[in-house]
Amino acid sequence: MIEVNHVVKEFDGFRALNEVDLHVGKGNVYGLVGPNGAGKSTIIRHLTGVYKQDAGEIFINKEPVFENAAVKEKIAYIPDEMFYFLQADTMEMMRYYRGIYSKFDEKMFYRMQEFFPSINVKRNIRNLSKGMQKQVAFWLAICMKPEIMILDEPVDGLDPVMRRQIWNILLAEVEENGMTVVVSSHNLRELEDVCDHVGIMNKGKVIIERSLSDLQDNIFKIQVACFGGIPHLPDNFKILHMSNTGRVHTLIVRGDKDAAVHAILEEKGDKTIVDVLPLTLEEIFIYEMGGVDYEVKEILF
């Protein structure tokens, strides 16, 4: 659905995007992560048609997005910093959205009011708290019935109950209507619960792009209790980290789980205790990206 091929963008000689490639399938929930200054917000502004790339291609449903009103109407974008008209309340913004977006569902807007009980719809939105402004943004955006929802730090400033409610609403739209979601966030624990694909950006590039299932199948933790020192694995496995406490050795391994266990038992014997443990998404990225540079490691802790 979304194709970004070799996109370059420079600002005053600084290359903010450096040959970016990014691919998001229809109905995916795609998490975009990386350190500050990696280029996440810049690529998002290209996906929403705010910026035009200096080189490369960006397609949504095989159509260019820049200055393409028909494509933009299918996209809802919630930035980290909200913008509303100076004197507008929620009802006035609803009428504005209704006039701009042909698929805006006014009946859905009123049905969903019960999910946002703290919002005074007659109060100037700019006088609401940041968290309440975010709620209004989600409320309006979901009623646009978008094909693509693009989010930049979407639940920052929301309390835990409202965060969960927002995600439940978004994931219901993904499940029922095939909505595609691209979300930029530093919160890997939250992304683990909602995303099925992840891309990591660093220094203007997407340096890794995989499905979560691929990541979780390919990298794992093995704990081995054995005599005779550190267990060894064949050269086709990559050991990303190793530590030990007494006779218990812990290895972070990239490769095939069953083959790794078989190799350890074959070397150490049947009396060896081998336990394969799952890694969190945060741990996976720490070990996958730990060698890239300090900033990537820091953002993933």
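The structure this text deals with has already been given above.
Residues numbered from 1 in each chain as written. Predicted model: local features only at pLDDT ≥ 70, side-chain atom pairs only at ≥ 80, totals over all residues. Heavy atoms only, no water.

(A) Quick peek at the nonpolar core. Counting residues in each nonpolar core, the largest one holds 57 residues, and the members touching the most others are I142, M149, L151 and L170. Here the element with the most residues in this core is helix α5 (residues 130–143); it accounts for eight residues. With sequence-adjacent residues up to four places away left out, I142 is seen in contact with M108, M112, M149, I169, L170, E173 and M179. Residues V4, V7, V24 and Y30 belong to the second largest nonpolar core, which totals 24 residues. (Core = buried A, V, L, I, M, F, W, Y, C linked by side-chain atoms within 4.5 Å. Buried < 20%, exposed > 50% of the residue type's maximum accessible area, 1.4 Å probe, protein only. Helix = DSSP H or I, 4+ residues; strand = E, 2+ residues; numbered from the N terminus. Contact = heavy atoms within 4.5 Å.)

(B) Structural context of the pairing of strand β4 (residues 55–60). Here strand β1 (residues 2–11) pairs with β4 via five bridges, running antiparallel. Of the residues in β4, the one forming a bridge with E3 is F59. As judged from the two bridges shared by β4 and strand β5 (residues 63–64), these two strands associate in the antiparallel manner. Looking across to β5, one finds that F59 is bridged to P64. Between β4 and β5, which follow one another and run antiparallel, lie two residues, and N61 among them has a positive phi close to 55°. (Pairing = 2+ DSSP bridges.)

(C) Spotlight on the sheet that holds β4. Overall, antiparallel pairing links the four strands, which are arranged β2-β1-β4-β5 in an open sheet. At either margin of the open sheet sits one strand with a lone partner, and together these are β2 (14–24) and β5. Judged from the seven bridges that link them, β1 and β2 form a sheet pairing that is antiparallel. Pairing of E10 across the sheet is with R15, part of β2. Helix α1 (residues 40–47) rests against β1, β2 and β4 of the sheet, and its axis sits at about 120° to β1. (Axes fitted to C-alpha atoms, helices over the stretch in contact; angles between N-to-C directions.)

(D) Region of the structure containing the packing of helix α3 (residues 90–100) against α5. Two numbers describe how α3 lies on α5: the axes approach to 10 Å, and their chain directions differ by 30°. It follows from the interaxial angle that α3 and α5 lie roughly parallel. For the crossing formed where α3 meets α5, the hand is right-handed. Counting all contacts with α3, which are made through T90, M93, M94 and Y97, the residues of α5 involved are V136, W139 and L140. For the contact of α3 with α5, a count of residues per class yields six nonpolar, one polar and no charged. (Parallel < 35°, antiparallel > 145°, perpendicular 65-115°, else oblique. Left-handed = near helix turned anticlockwise from the far one by under 90°. Nonpolar A, V, L, I, M, F, W, Y, C, P; charged D, E, K, R; others polar.)

(E) View of the layout of surface pockets. Taken as a whole, the largest pocket encloses approximately 520 Å³ of empty space. Y77, P79, F83, Y97 and Y101 are, among the 20 residues lining the largest pocket, the residues nearest its centre. Contributions of two or more residues to the lining of the largest pocket are made by β6 (75–78), α3 and α5. The residue makeup of the lining of the largest pocket, split by class, is 17 nonpolar, one polar and two charged. The computed volume of the second largest pocket comes to approximately 200 Å³. Lining the second largest pocket are M108, R111, M112, E114, F115, K145, I169, A172, E173 and E176. Listing elements by their share of the lining of the second largest pocket, those giving two or more residues are α4 (106–111) and α6 (160–177). It is α6 that provides the largest number of residues to the lining of the second largest pocket, a total of four residues. Class assignment for the residues of the lining of the second largest pocket results in five nonpolar, no polar and five charged. (1 Å grid on protein atoms, 1.4 Å probe; cavity = no way out; pocket = protein on both sides within 12 Å on 5 of 7 lines; lining within 4 Å. Points joined across faces, edges and corners; volume = space filled by probe spheres on them.)

The quantities given are spatial measurements derived from coordinates; they are silent on function.
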